[in-house]
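Fold and contact review
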Amino acid sequence: MKDLFGREIRGLRISLTQRCNLNCVYCHHEGESAARSEMTADEVIRILGVAKTVGVRRVKYTGGEPLLREDLAEIVRRTLELEMDDVAITTNGSLLAKQAQALAGAGLKRMNISLPSINPCVYSSLTKGEIKDTFRGIALAKSLGMEIKINVVIMKGINESEVDELIDYSKGVGCSLQLIELEDLNLDRGFFNDHHIDLGSLEQRLASKADQIEERLGMNGRRRYIFGDSLMVEVVRATNNPHFCMGCTRLRITSDGKLKPCLMRSDNLVDVLGPIRQGAPDSYLRLLFEKAIARRSPYYVGPSLQ
Ligand code: SAM
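All of the points below concern the structure found in this document. A quick note: this is a predicted structure, and the numbers were derived from the prediction, not measured.

Side note on the overall build of the protein
A tally of regular secondary structure across the protein gives 11 helices and 12 strands. Scaling as 2.2 N^0.38, a compact globule of 306 residues should have a C-alpha radius of gyration of about 19 Å, and the protein matches this with 19 Å. In terms of overall dimensions, the protein has C-alpha extents of about 55 × 50 × 40 Å along its principal axes. Looking at the 306 residues of the protein, the share that counts as buried comes to 52%. Once local pairs closer than 6 in sequence are excluded, the contacts in the protein between residues at least 24 apart make up 70%. Just so you have it, the protein exposes about 13,700 Å², and 49% of that area is on carbon and sulfur atoms. Distance between charge centroids for the protein: 3 Å, based on 42 positive and 40 negative side chains.

Structure (structure tokens):
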């Protein structure tokens, strides 16, 4: 199904909890404020069954920290049983020791792991966690054959100078690297103003140094920079980027079961968990999806839409 701007809905990003074992200073909390409840595994799978009827084929689990859900492997297994094309999680990686094996057994093949700094002190000051736990998680997931993308939100005056080290580290551990521009959401305005940096010049630098550049089909021409024969680096620049919004094919679900048409907005949510708990049939849930899709509009608007 397409929204009013011709954008196909292909992906669903589902927040499974707002709970987190870390406390990252830059965290946008997936655009959520305090959640009142969490979806059960059955409710998540029921929602996905309906999502499939509007075209969703790619599912990403996020949070909070999704590894705090003890039923994460069950959720992943049941999502794969729905024959989705792609199922992945995004995690801080520090709790993988407990669940990595079960996740691999459930069929998970891909995860994004957040590593906001390669420096142990900077990592701790940003997250209140220990970098060794995340390093251990990365090594474990790798040993189980997972494809890993390391996520780094780049911040001026904090970790912007670490890019070359992050490239070397990612190459060394056989992961790809995703450098993300800081988004202004659920953040202190002063923090954003002090630390936001437009990643345009970084992307130019990568382009000049890369051995190969690929354009990603279906991702609005987002580029991948390849170093040597294996290291892949991507840059995500959503802030103030109408081109990014026009390429968005993703709907979201908050941890308390509300369809969220856009990361950046919370005034157009459509509750789906309430109706499920009141016994609504799938046909009604499908109407709720249609309503949320009709509410999708690009957050950053280019001249052609103004
Ligand atoms: N706890 C998990 C983790 O650390 O990946 C999942 C939740 S976290 C909110 C999901 C993703 O959002 C991570 O890749 C993180 O880097 C990214 N993120 C968090 N705050 C951000 C911000 N202000 N701007 C851009 N990306 C952000």
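Considerations on unusual backbone geometry
Of note, Glu30 is a non-glycine position whose phi angle comes to about 50°, a positive value. In this structure, Glu30 sits in the loop between strand E1 (11-15) and helix H1 (41-53). Not every positive phi belongs to a glycine, and Asn240 is a case in point at roughly 55°. On the basis of relative accessible area, Asn240 is assigned to the exposed category, the value being 57%.

Quick word on helix H11 (residues 282-294)
With 13 residues, H11 extends 18 Å between its outermost C-alpha atoms, agreeing within 8% with the 18 Å of an ideal straight helix rising 1.5 Å per residue. All of the buried residues along H11 are Leu285, Leu288, Phe289, Ala292 and Ile293. All buried residues of H11 lie within an arc of 140° about the axis, which places them on one face of the element. If you follow the buried residues of H11, they end up packed against H1, strand E10 (250-253), strand E11 (258-260), strand E12 (270-271) and helix H10 (273-277).

Quick look at the pairing of strand E3 (residues 86-91)
Most of E3 is tucked away: 6 of the 6 residues are buried. A two-sided burial pattern is seen for E3, the buried positions comprising Asp86, Ala88 and Thr90 on one face and Val87, Ile89 and Thr91 on the other. Bridge analysis of strand E2 (residues 58-62) against E3 gives 4 bridges, and the strand direction is parallel. Among the inter-strand pairings, Val59 is bridged to a residue of E3, identified as Val87. Where E3 meets strand E4 (residues 110-114), 4 bridges bridge the pair, whose relative direction is parallel.

Criteria and cut-off values
Residues numbered from 1 in each chain as written. Predicted model: local features only at pLDDT ≥ 70, side-chain atom pairs only at ≥ 80, totals over all residues. Heavy atoms only, no water. Helix = DSSP H or I, 4+ residues; strand = E, 2+ residues; numbered from the N terminus. Rg over C-alpha atoms; globule rule 2.2 N^0.38 Å. Buried < 20%, exposed > 50% of the residue type's maximum accessible area, 1.4 Å probe, protein only. Contact = heavy atoms within 4.5 Å. Areas by Shrake-Rupley, 256 points an atom, 1.4 Å probe, with all protein chains shown as cover. Lys, Arg positive; Asp, Glu negative; His and termini not counted. Charge placed at Lys NZ, Arg CZ, Asp CG, Glu CD. Expected span 1.5 Å × (residues − 1). Arc of directions from axis to C-beta. Pairing = 2+ DSSP bridges.

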